[in-house]
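Report on the structure
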Amino acid sequence: MEIEAKYKISAADLDRLAALSALGPYTLRTLAGEQQRNIYYDSVDGRLALARYGLRVRQIGNRSIITLKGPARVDENGIHHRAEFEFPGDNPDPAHWPAGPARDLAQALLLGAPVRPFLTIETSRRIIHAARDGQDRVEICLDRGTIYAGKKQAPICELELEVLPAGSVYDLTELANALRALMRITPERQSKLERGMALLQR
């Protein structure tokens, strides 16, 4: 289960956040920066989209990761809750995935229909871990990039807070409140995929 919150933020405040060493009672530690190429797939008739699922292959250097995400439930605080399957690989065809629930679910949703790429998102991401009491509680991702939907494009400048195994929604909320005291952040209720699909339909 993925639990995260997304926020719109200015580029200047994104830079301010990147320079912080602490946020409220949390210490901040920068882990890495990475360049991502995210390619989204679906059948021609949009079977995954109809079931509110997303299928992505993420390329980071010479690594590739397949992700299948389920429908998101967004609570009153703008926190996204959704099932997520993630594993190494670069072939979006579920027939070539390892045996398991992700393959079974994707095949049941697609019913044999082949998938094709329909959306690309290029992201420059900075990853920071927020720790409290000696444990990493929340992963903070600072994202800049571009959504490419056919001939249309849209910029990305946003902040993601994702709960780590040692953390909780409480940690996520505490960090968000500490951020609001320093800068303007606006909840983003749509995923990057949802924004890309809306761009395709314009």
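A brief structural summary. (Residues numbered from 1 in each chain as written. Predicted model: local features only at pLDDT ≥ 70, side-chain atom pairs only at ≥ 80, totals over all residues. Heavy atoms only, no water.)

1. Considerations on the overall build of the protein
To keep things clear, this is the line we draw: Runs of H or I in DSSP of at least four residues are treated as helices and runs of E of at least two as strands, each being numbered from the N terminus. We compute the radius of gyration from the C-alpha atoms alone; for a globule the expected value is 2.2 Å times N to the 0.38, where N is the number of residues. Think of it in three bands: residues with accessible area under 20% of the maximum for their type are buried, residues over 50% are exposed, and the middle band is partly exposed, with areas taken using a 1.4 Å probe on protein chains only. By definition in these notes, contact holds between two residues if any of their heavy atoms fall within 4.5 Å. Positive: Lys, Arg. Negative: Asp, Glu. His and the chain ends are not part of the count. In plain terms, the charge of a residue is placed at NZ if it is Lys, CZ if Arg, CG if Asp and CD if Glu.
Helix and strand counts for the protein stand at 5 helices and 12 strands. Computed over C-alpha atoms, the radius of gyration of the protein comes to 17 Å, within 12% of the 17 Å expected from 2.2 N^0.38 for 202 residues, which places it in the range of a compact globule. Along the three orthogonal principal directions, the C-alpha set of the protein runs to about 50 × 35 × 35 Å. Evaluated residue by residue, the protein yields a buried proportion of 49% over its 202 residues. The long-range fraction of contacts in the protein, counting pairs at least 24 apart against all pairs at least 6 apart in sequence, stands at 63%. The averaged location of the 26 negative side-chain charges in the protein is 5 Å from the averaged location of its 28 positive side-chain charges.

2. Considering the layout of surface pockets
We apply this condition: Throughout, the protein atoms alone are placed on a 1 Å grid, and a set of points is a cavity if a 1.4 Å probe fits but cannot get out or a pocket if it is open with protein on both sides within 12 Å along at least five of seven lines; lining residues have an atom within 4 Å of a point. Grid points are joined across faces, edges and corners, and a volume is the space filled by probe spheres set on the points. Amino acids outside the nonpolar list (Ala, Val, Leu, Ile, Met, Phe, Trp, Tyr, Cys, Pro) and the charged list (Asp, Glu, Lys, Arg) are all regarded as polar, and Gly is one of them.
Its boundaries defined by the atoms lining it, the largest pocket holds a volume of some 750 Å³. Around the largest pocket sit 40 residues that line it, and Glu 2, Tyr 40, Arg 56, Lys 69 and Arg 82 are the ones nearest its centre. Here the residues of the lining of the largest pocket sort into 13 nonpolar, 8 polar and 19 charged.

3. Here we look at helix α1 (residues 11-18)
Counted only if it meets this: Here, the arc refers to the directions that run from the helix axis to the C-beta atoms.
Looking at α1, one finds that the buried residues are Asp 13, Leu 14, Leu 17 and Ala 18. Each buried residue of α1 lies within a common arc of 145 degrees when the element is viewed along its axis, so the set occupies one face. Where the residues of α1 are buried, they touch β2 (22-23), β9 (116-132), β10 (135-149), β11 (152-163) and α4 (169-180).

4. Notes on empty space enclosed by the protein
As enumerated under the stated definition, the model contains 1 cavity of 30 Å³ or more in all. Of the pockets and cavities examined, the largest cavity occupies roughly 40 Å³. Lining of the largest cavity is provided by Tyr 40, Tyr 41, Asp 42, Leu 48, Ala 49, Tyr 53, Gly 54, Leu 55, Phe 118, Leu 193 and Met 197. Looking at the lining of the largest cavity, the elements with two or more residues in it are β3 (26-42), α2 (47-50), β4 (54-60) and α5 (192-200).

5. Brief notes about unusual backbone geometry
The residue Leu 111 is not glycine, and still its phi comes out positive at about 50 degrees. Residue placement: Leu 111 occurs in the loop between α3 (101-110) and β9.

6. What about the pattern of salt bridges?
Condition: Here, a salt bridge means any side-chain nitrogen of Lys or Arg that lies within 4 Å of a carboxyl oxygen of Asp or Glu.
Applying the stated criterion across every chain, the model contains 21 salt bridges. The partner of Glu 160 in a salt bridge is Arg 125, and the shortest N-O contact between them spans 3.3 Å. You can see Glu 160 sitting in strand β11 and its partner Arg 125 sitting in strand β9, a full 35 residues away along the chain. Like Glu 160, the residue Arg 125 is buried in the burial classification. Shared partners join several salt bridges into a network, and the residues in it are Glu 2, Glu 4, Lys 6, Lys 69, Arg 82, Glu 84, Arg 125, Asp 143, Glu 158, Glu 160, Lys 192 and Arg 195.

7. A short note on the environment of Gly 196
You can see Gly 196 is positioned in helix α5. With relative accessibility at 0%, the residue Gly 196 sits in the buried group. Spatially, the C-alpha atoms of Gly 196 and Gly 150 are 9.7 Å apart, while their sequence positions differ by 46 residues.

8. Some details on the packing of aromatic side chains
This is how it is decided: The rule is short: rings of Phe, Tyr and Trp, with Trp giving its six-membered ring, pair when the centres are within 6.5 Å, and they are stacked under 30 degrees, edge-to-face over 60, tilted in between. We count a charge as sitting over a ring when the NZ of a lysine or the CZ of an arginine lies within 6 Å of the ring centre and within 35 degrees of the ring normal.
As enumerated under the stated definition, the model contains 1 aromatic pair in all. Relative to Trp 97, the ring of Phe 87 has its centre 5.2 Å away and its plane inclined at 70 degrees; by these criteria the two rings are edge-to-face. Linking Phe 87 in strand β8 (residues 84-88) with Trp 97 in the loop between β8 and α3, this pair joins segments that are 10 residues apart in sequence. Residue Phe 87 shares its accessibility class with Trp 97, and that shared class is buried. Taking the ring centre of Tyr 26 as reference, the NZ or CZ of Arg 132 above it sits at 5.3 Å.

9. Overview of the state of the cysteines
Note the cut-off: In plain terms, two cysteine sulfur atoms within 2.5 Å form what is called a disulfide here.
For the structure on display, the rule yields 0 disulfides. Between Cys 141, a free cysteine, and Cys 157, which holds the nearest cysteine sulfur, the sulfur-to-sulfur gap is 14 Å. Judged by relative accessible area, Cys 141 falls into the buried class, the value being 2%. Taking the relative accessible area as the measure of exposure, Cys 157 reaches 25% and is therefore partly exposed.

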